[in-house]
Amino acid sequence: MMVKKGLLERLAEGPVVGDGSYVFTMEKRGYVMAGQWTPEVVIEHPEAVKQLHREYLRAGADILQAYTFFASDDKLNLPGHAAGKITTCKELNERAIDIVREVAGDADVLISGGVTMTPSYKQGKGKEAVQAEYRKHAEVFIEKDVDFLLAEFINQIEEAEWAIEVLKSTGKPVACTMCIGPTGDFVDVPAGECAVRMAKAGADVVGLNCQFDPNSGLKTMKLMKEALEKEGLSPFLMMQPLGFFCPEVENEHPGYAMLPECPFALEPRLLTRFDANRYARAAYELGVRYIGGCCGFEPHHIRAISEELSPERGGKLGEASSKHIPWGEALKTSTFLQNRMKATQEHWKTVKPASGRPGHPALQPKLMGQ
């Protein structure tokens, strides 16, 4: 029986590829209610969750996150939310972990259990109430023996510290990612200070997820890294940014939530697979070792990350790469001349995708072959 290397051991050896979007992707596929964003799909349509996990695994992900986002009881039972009438935090977590473990099978991937920001914190109920919600998650994660724990999508460092404290008490490796940009958390604690406080609270891996695009995330990550180094702290660094470009909200705390297009008309802002290549390389060069994506990151984006970092991962690739040649070279066999003309890395490194919509960014200056 193969003995899997743990998260921290893998990160010490080189880059680890995370998975991608669940909440947004499931909403687009018709399994999640927008606004509520709660994961009762693991109860109602487990086959849909299995399929998405399977796609990330085939794409080359080293990590599969159990779909436990926004599964705390205080979230499930908010006024107007239907999820609390059909399930509980405990049941959702149990089912989510069973689903992802079935998909993982004997594959050399790790399974994480995650917690997110809680309504209890926003409502000012205090540390004891907030940590009680996190303990409900943690108890199931330990019972189900996930490989590591993740606190993500938290926008205030105080709540992140409270979450880390609970998760760290389990003895499992703990990662924590905040949804903040270069200006810091929602009460203006600087990004660098947030990183230092996460590390001092006990997080083995610290970083960012969601709300901001890769470019803004890289700027924030640089601030965090510099602050950690100044304090003599060396946790592993992690990024799972948005799969949508939104530079105009870089200095706004709510991030992409401020965009008129969010959440239902973001497709024109979607990263290409080549943007994912560039993000992965830039993150690795900055020193980030856990590299994945959040809302908007689809399996083909994760495949691009896996392929970009394959040399640093001993040539490792996902099964999906057997149907893909990086940088467009598969087009060499196309029966269409216009496609064969694009079968070069130079073309895909220099192309500037346009929205194709009148009144929006300019279309390409000329059509291929004309």
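Right above here is the structure, for reference.
What follows is about empty space enclosed by the protein. This structure, assessed with the given rule, holds two cavities of 30 Å³ or more. Counted as a void, the largest cavity has a volume near 60 Å³. Looking at the largest cavity, the residues that line it are Arg273, Phe274, Asn277, His300, Arg303, Ala304, Glu307, His324, Pro326 and Trp327. Counting residues per element, the ones that place at least two in the lining of the largest cavity are helix 12 (273-286) and helix 13 (299-308). If one sorts the elements of the lining of the largest cavity by residue count, helix 13 sits on top with four residues. Of the residues contributing to the lining of the largest cavity, the split by class is four nonpolar, three polar and three charged. In this structure, the second largest cavity spans a volume of roughly 30 Å³.

Residues Val42, Tyr67, Tyr256 and Ile305 are the most contacted members of the largest nonpolar core, which totals 97 residues. Setting aside anything within four residues of it in sequence, one finds valine 42 in contact with Val49, Tyr67, Leu92, Arg95, Ala96 and Ile99. One finds Leu11, Val205, Met238 and Tyr290 within the second-largest nonpolar core, a separate group that totals eleven residues.

Next up on the list: the layout of surface pockets. The computed volume of the largest pocket comes to approximately 880 Å³. The wall of the largest pocket is formed by 38 residues, among which Phe69, Phe70, Met117, Phe153 and Gln211 lie closest to the centre. Broken down by secondary-structure element, the contributors of at least two residues to the lining of the largest pocket are helix 2 (23-28), helix 7 (119-122) and strand 4 (148-154). The element best represented in the lining of the largest pocket is helix 7, accounting for three residues. When the residues that make up the lining of the largest pocket are grouped by side-chain class, the tally is 22 nonpolar, eleven polar and five charged.

Here is what the cut-offs are and how they apply
Residues numbered from 1 in each chain as written. Predicted model: local features only at pLDDT ≥ 70, side-chain atom pairs only at ≥ 80, totals over all residues. Heavy atoms only, no water. 1 Å grid on protein atoms, 1.4 Å probe; cavity = no way out; pocket = protein on both sides within 12 Å on 5 of 7 lines; lining within 4 Å. Points joined across faces, edges and corners; volume = space filled by probe spheres on them. Helix = DSSP H or I, 4+ residues; strand = E, 2+ residues; numbered from the N terminus. Nonpolar A, V, L, I, M, F, W, Y, C, P; charged D, E, K, R; others polar. Core = buried A, V, L, I, M, F, W, Y, C linked by side-chain atoms within 4.5 Å. Buried < 20%, exposed > 50% of the residue type's maximum accessible area, 1.4 Å probe, protein only. Contact = heavy atoms within 4.5 Å.

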